[in-house]
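One letter stands for each residue in the lines below.
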Amino acid sequence: VTDFGDPRTVARLGALYESADIQRQRRAVRDILALRPGARGLDIGCGAGHLACELAEVVGPDGHVIAMDPSSQMVQATAARADNLGVPVETRVGDAGALPVDTASLDFVTATQVLEYVHDVPAALAEIRRVLKDRGRVAIVDTEWRSCIWEASDRELVDRVLDAWRDHFVHPDLPRRLAALLRASGFADVTVDAVPVVNVDATEAAFSVGILPIITHFVRDHPDVSPDEAERFADAVLAGGVDGYFFSVCRYLFGATTRTISGEGDR
Ligand SMILES: C[S@@+](CC[C@H](N)C(=O)[O-])C[C@H]1O[C@@H](n2cnc3c(N)ncnc32)[C@H](O)[C@@H]1O
């Protein structure tokens, strides 16, 4: 799996999450949390801190946002971003399996593109439930890369590289299991929305163009892909098919609450 302490990864992720595609995803996360000023919450696996900073703006000076990541480099990047933007974010180094937060102390928890890297997902969900107050909310995003279409004239090469890329994740198939896992962990009001990322132009601002060096860097060391094929893959998808560039992948946004009586509202 990827080394989230590598400064190049920190820089690449920081740039990738500025893309309009991922800004749209963060808006969807903020919408399902429906936060009020004064709310207190935690962003697990905060990465470069984009979401934590936005949440801190929403909850305002009477609220409180903790941004946590096992990578001290990511935590530093988040602290620097919060400083630059002038928003109060408390940063902590920690792991999803043992949250450094008091029981029943938070109104919301977020984990976007994180649980797919966590070995024991039920343990992480139990931790999220522990730190939330009654009627607290969680928002989780994970990607299903089997939903990816990346057009190129050499489709066999694209399939092989995307097969290898899925080894970047501990749980590449988490979205199809997560609603059931949330319910089994005692969460109520479980909702699932697809958050598609679709690019029809290979501009620098496109998510797919931003993630391309991360994918080629990873698959270059994969036994099923040679370094030469990793380079060819980048050229192949950027050249697109006979009708031009096309990329699409589905992320899934899960919402749930700790409401103690479940039932109504599930979908
Ligand atoms: C793809 S990044 C997502 C960053 C951020 N949540 C976002 O959406 O902008 C994945 C993050 O999960 C963190 N991570 C990996 N394993 C973790 C674990 N066991 N507990 C908490 N965070 C973890 C990584 O360090 C990295 O910052």
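The model shown is predicted, which means the values in this text are computed figures rather than measured ones.

### Looking at the overall build of the chain
Helix and strand counts for the chain stand at nine helices and seven strands. Relative to the globule expectation of 18 Å for 267 residues, the C-alpha radius of gyration of the chain, 19 Å, shows essentially globular dimensions. In terms of overall dimensions, the chain has a C-alpha envelope of 55 × 40 × 30 Å along the principal axes. Taken across its 267 residues, the chain has 53% of its residues classed as buried. For the chain, the share of sequence-separated contacts (at least 6 apart) that also reach a separation of at least 24 residues comes to 82%. Summing over all exposed atoms, the chain offers an accessible surface of approximately 12000 Å²; the carbon and sulfur share of this is 50%. Of the side chains in the chain, 27 bear a positive and 41 a negative charge, and the two mean positions are spaced by 6 Å.

### Thoughts on the site of the ligand
Around the ligand, 17 residues are found, and the nearest of them are Tyr17, Gly45, Asp69, Ala96 and Thr112. Between the ligand and the protein, one listed contact pairs an oxygen atom with a side-chain N or O atom of Asp69 at 2.6 Å. The contact in question runs from a nitrogen atom of the ligand to an N or O atom on the side chain of Asp95, over 3.0 Å. In terms of residue class, the shell around the ligand is built from eleven nonpolar, four polar and two charged.

### Notes on the packing of helix α1 (residues 7–16) against helix α8 (residues 207–219)
Packing of α1 against α8 brings their axes to within 9 Å, and their N-to-C directions diverge by 160 degrees. When the interaxial angle is binned, α1 and α8 end up roughly antiparallel. Helix-helix and strand crossings are classified by hand; for α1 and α8 the assignment is left-handed. Residue-level contacts link Arg8, Arg12, Leu13 and Leu16 of α1 to Phe207, Gly210, Ile211, Pro213, Ile214 and His217 of α8. Across the contact of α1 with α8, the residue classes tally to six nonpolar, two polar and two charged.

### A word on unusual backbone geometry
A positive phi angle, close to 45 degrees, is found at Ala34, a residue other than glycine. Following the sequence through the fold, Ala34 ends up in the loop between α2 (20–33) and β1 (40–44). Notably, Asp189 is not glycine yet its phi reads approximately 55 degrees, a positive angle. Here Asp189 is to be found in strand β6 (residues 188–199).

Here is what the cut-offs are and how they apply
Residues numbered from 1 in each chain as written. Predicted model: local features only at pLDDT ≥ 70, side-chain atom pairs only at ≥ 80, totals over all residues. Heavy atoms only, no water. Helix = DSSP H or I, 4+ residues; strand = E, 2+ residues; numbered from the N terminus. Rg over C-alpha atoms; globule rule 2.2 N^0.38 Å. Buried < 20%, exposed > 50% of the residue type's maximum accessible area, 1.4 Å probe, protein only. Contact = heavy atoms within 4.5 Å. Areas by Shrake-Rupley, 256 points an atom, 1.4 Å probe, with all protein chains shown as cover. Lys, Arg positive; Asp, Glu negative; His and termini not counted. Charge placed at Lys NZ, Arg CZ, Asp CG, Glu CD. Near = heavy atom within 4 Å. Polar contact = N/O pair within 3.5 Å; in protein donor to acceptor, adjacent residues only side chain to side chain. Nonpolar A, V, L, I, M, F, W, Y, C, P; charged D, E, K, R; others polar. Axes fitted to C-alpha atoms, helices over the stretch in contact; angles between N-to-C directions. Parallel < 35°, antiparallel > 145°, perpendicular 65-115°, else oblique. Left-handed = near helix turned anticlockwise from the far one by under 90°.

Function-wise, these values are silent; they only describe arrangement.
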